[in-house]
Every structure is written in structure tokens, then in C-alpha cells.
Number of protein chains: 2
Amino acid sequence: MIKNKIKGLKMTPQRLAILAYLEGNIDHPSADDIYKAVLKKFPTMSFATVYNTLESLKNRGSVSELTIDPDKKRFDPNPDPHNHLICNKCRKILDIHIDYELRVPYEKKQGFEITGNHIKFYGICPKCRRGK
Amino acid sequence: MIKNKIKGLKMTPQRLAILAYLEGNIDHPSADDIYKAVLKKFPTMSFATVYNTLESLKNRGSVSELTIDPDKKRFDPNPDPHNHLICNKCRKILDIHIDYELRVPYEKKQGFEITGNHIKFYGICPKCRRGK
DNA sequence: TTCCTTAATGATAAATATTATCATTACATA
DNA sequence: TATGTAATGATAATATTTATCATTAAGGAA
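Below is a summary of the structure that appears in this document.

Here is what the cut-offs are and how they apply
Residue numbering note: each chain is counted from 1, following its sequence as written. By the order in which they are written, chains take letters starting at A while ligands take numbers starting at 1. Owing to the predicted nature of the model, reporting of local features is limited to residues with pLDDT of at least 70; listing and counting of side-chain atom pairs is limited to 80 or more, with chain, interface and lining totals taken over all residues. Note that the side-chain values use all heavy atoms of the structure and ignore hydrogens as well as water. Only heavy atoms enter the contact rule, under which two residues are in contact if any of them lie within 4.5 Å. Here the quantity called buried area is the total loss of accessible area, with a 1.4 Å probe, experienced by two parts when brought into contact, counted for both. We define a salt bridge as a side-chain nitrogen of Lys or Arg found within 4 Å of a carboxyl oxygen belonging to Asp or Glu. Numbering of helices and strands runs from the N terminus; a helix is a DSSP stretch of H or I covering at least four residues, while a strand is a stretch of E covering at least two. Basically, the charged four are Asp, Glu, Lys and Arg, the nonpolar ten are Ala, Val, Leu, Ile, Met, Phe, Trp, Tyr, Cys and Pro, and anything else, Gly included, counts as polar. At least two DSSP bridges between two strands are required for those strands to pair. Note on classification: 1.4 Å probe, protein chains only; a residue is buried when its accessible area is under 20% of the maximum for its type, exposed when over 50%, partly exposed between these limits. Any pair of N or O atoms that falls within 3.5 Å is considered a polar contact. Within protein, one atom must be able to donate a hydrogen and the other to accept it, and sequence-neighbouring residues count only if both atoms are side-chain atoms. Here a residue is near a molecule or strand as soon as one of its heavy atoms is found within 4 Å of it. In superposing the copies, a least-squares fit is computed on C-alpha atoms, taking residues whose pLDDT is at least 70 in both.

So, the interface of chain B and chain A
Okay, step 1: Residue-level contacts link 41 residues of chain B with 41 residues of chain A.
Okay, step 2: Taken as a group, Thr67(B), Phe112(B) and Lys120(B) account for 18% of the area that chain B buries against chain A, more than any other trio of residues on that side.
Okay, step 3: Salt-bridge contacts for Arg129(B) lead to Glu113(A); the nearest nitrogen and oxygen are separated by 3.6 Å.
Okay, step 4: Among the elements of the structure, strand E3 (83-87), strand E4 (93-96), strand E5 (113-124) and helix H5 (126-130) of chain B are those that each provide at least two residues to the side of chain B that touches chain A.
Okay, step 5: Top contributing element to the side of chain B that touches chain A by residue count: E5(B), with twelve residues.
Okay, step 6: Its residues assigned to classes, the side of chain B that touches chain A comprises 20 nonpolar, ten polar and eleven charged.
Okay, step 7: Two strands pair when backbone bridges link them, and strand E5 (residues 113-124) of chain A and E5(B) are joined in this way by eleven bridges, in the antiparallel orientation. When the bridges of E5(B) are listed, His118(A) appears paired with Lys120(B).

Structure below.
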């Protein structure tokens, strides 16, 4: 529910529009994608507002920033830990929900306190497979 | 051995200097890190040459590009598949060599042909743990 | 409901990272 | 040693993200 994602922040129309676009979105859009999409319904939207909003939502844990695309940051409206499937050709990113037990033996930890992990699976998506 | 990493490419002093810096380097440097380091011993080095060389080495499979740091690309002179340990505070990146059997059941593959994976472990490094 | 404080917006500039262009240079092989 | 071509270096262009700041408006208080 969108209201929970924004609790504690001012509920501006711009933020609601951004959240509405993100809600249920599985495309892992970039800031530019979000800007372009929201602009259609909200012609006064500024780029700065997109970044500001994403920053706020990130800090609240309502969205997560993905470091998957080498060229730009992408955003995931699902902040629960999950993994991703990436097409090496078209760069499409899909969620993949499998939990693995990734135990790290003490002698491999190198003194780190490990708090989480993220798995990227690389491959070729169905569309790109057919296209070749 | 450096010569193998460059086989098929012209062996220029600039490239040798870059390779020498990368050889055995475990810091996962950015293009800028590499540029700054090589510049000390090679004052005429151009930024473009660093990028060009990294591109060539990447295409040959001699180095790999890491999508781990959200702000910039980093490079790993070890092209063999391995995983990474990342400090959430200081952003330091360490190699972690553990092989996991990450089986993906057919119904989770979403039509992808999976060719590889990469695991990022997040945590706090020893130095940052002490610093707090 | 109206007022008021303060956070948010929008316009824009600045910073950072990467890619592209191209004349000149120099590697490598014939 | 001469020569074709790939590589270099200088620089411009592009892309992404962050910073600045005057103006606006959300939302709690009166």
C-alpha cells in the first residue's frame, strides 16, 4: 500500500505519481525511465524531484537501488531481499525468488561481519534466444 | 604472465604499464585509480588510453569489469569467476573464493538460458567494525 | 478554516564518469 | 628499413548524478 511507503514524508502529488508508477513495476527502471514515464501524466515534474524522491524512499527502505546495470542505477520497488536474472544481450532484469543457504566459513570471512548477499544470474532471455 | 594477457594486441609501453599495475592487484581499482597510478611512472599517459586498453583487455577476457560500485566501474585483473565481499561503510571490495551450487529449477528460469552467476556478500569490514 | 513553519519542488548549474573523434605516432611484419 | 595500420593523446561530447537555491505548498497548530 502506497501510503505506508511514504509514511513520515510529505505526501505530494509528485511523490504519489512516482510511487504509482513504481507500484508493481517489475522492469527495474532507471531514474530517467521513471522521469519519462511520470512526465506524461505530470508535465511539470522535475528531474531533481525524481532523484530527491528516490533518495527519500531509499532511506526509508521503501525502494532499493540496484547495482546491476553498469551504465546507471536502477530501482526496485520491492525492498525485500531477492535475486536477479540478467540478460547478457538486451540487459533486461527479472526478479528471481529462490533462497539459498550461502554459508561462509569463518576462515573465508576475512574479518567481515556479513549481513546479506545478492546473487546475479547471467544468461540469455527467451526473446534474445529466439532472435539468434 | 603479462604477455599472455596482451597476446594479439600491440605491446605498447602504455599497455605494459597498465598491465603491470593490474597484475596481482586485489583492490578492484576504477579507471581513474588506474590512470592516477600509472601516470606517476608514465607522465604522458592519457585517460583515453586507459579506457581503450581496459576495453581491449575486457574483450580478450584478460580483465573483467565489475558492476559492484554504484558510482563507477571497477576492474578485476582476475578474469576467473569468483565472488566478492563488500564493506557497506568504506566500500572496500575483497575477493571471496567459494564455489556454491546454485541450482535454478526449471520453473524459476523464466525461459532464460543461464550461463553464470555472481554473488555479492555485503557486510562490515574489520577496520570499519573497529572504528565504530 | 486559516496561519505558519518547514520540507519539497523546479530550474539550473556543477560534478563525475564514460564514450567519441581524429590528427599524429609508433608497433610489428614484410 | 619501409610501410600499413592500430594505438596514443588531446579534447570534445554525452550521460548520469549531485548540488544550489529561490519559490511553493503540505500539514500541524491555533
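Here we look at the side chain of Thr53(A)
All names here are of chain A.
Okay, step 1: As for its position among the elements, Thr53 is in helix H4 (residues 47-60).
Okay, step 2: A residue is classified by how much of its surface remains accessible, and Thr53, at 3% relative accessible area, is buried.
Okay, step 3: For Thr53, the side chain forms a polar contact with the main-chain oxygen of Thr49, separated by 2.8 Å.
Okay, step 4: For Thr53, the residues in contact, after removing those within four places along its chain, are Arg15 and Ile18.

Considerations on the environment of Asp95(B)
Okay, step 1: Relative to the helices and strands, Asp95(B) is located in strand E4.
Okay, step 2: The class of Asp95(B) is buried, set by a relative accessible area of 16%.
Okay, step 3: When the C-alpha atoms of Asp95(B) and Phe75(B) are compared, they prove to be 12 Å apart, with 20 residues separating the residues in sequence.
Okay, step 4: Once residues lying within four places of it in the same chain are set aside, the contact partners of Asp95(B) are Gln110(A), His28(B), Asp76(B), His82(B), Asn83(B) and His84(B).
Okay, step 5: Here the side chain of Asp95(B) touches His84(B) through a polar contact of 3.1 Å, side chain to side chain.

Focus on the protein's contact with DNA strand D
Okay, step 1: What surrounds DNA strand D is a group of 18 residues, the closest being Met11(A), Tyr51(A), Lys73(A), Thr12(B) and Gln14(B).
Okay, step 2: Each atom of DNA strand D within 4 Å of the protein belongs either to a base or to sugar and phosphate, the latter forming 75%.
Okay, step 3: Residue Lys10(A) places a side-chain N or O atom 3.3 Å away from a base nitrogen belonging to DNA strand D.
Okay, step 4: Arg15(B) is positioned with one of its side-chain polar atoms (N or O) 3.1 Å from a phosphate oxygen of DNA strand D.
Okay, step 5: Among the secondary structure elements, those contributing two or more residues to the surface near DNA strand D are H4 of chain A together with helix H2 (13-22) and helix H4 (47-60) of chain B.
Okay, step 6: Split by residue class, the surface near DNA strand D holds six nonpolar, six polar and six charged.

Overview of the relation of the copies chain B and chain A
Okay, step 1: Structural alignment of chain B on chain A gives an RMSD of 0.0 Å, achieved by rotating through 180° and translating 0.0 Å along the axis. Here the transformation between the copies is reduced to the relation of a two-fold axis. Looking at the rotation axis and the C-alpha trace of chain B, the residue lying nearest is Ile119(B), at 2.3 Å.
Okay, step 2: Take the interface residues of chain B: 100% of them recur as interface residues in chain A, which is what a same-surface contact looks like.

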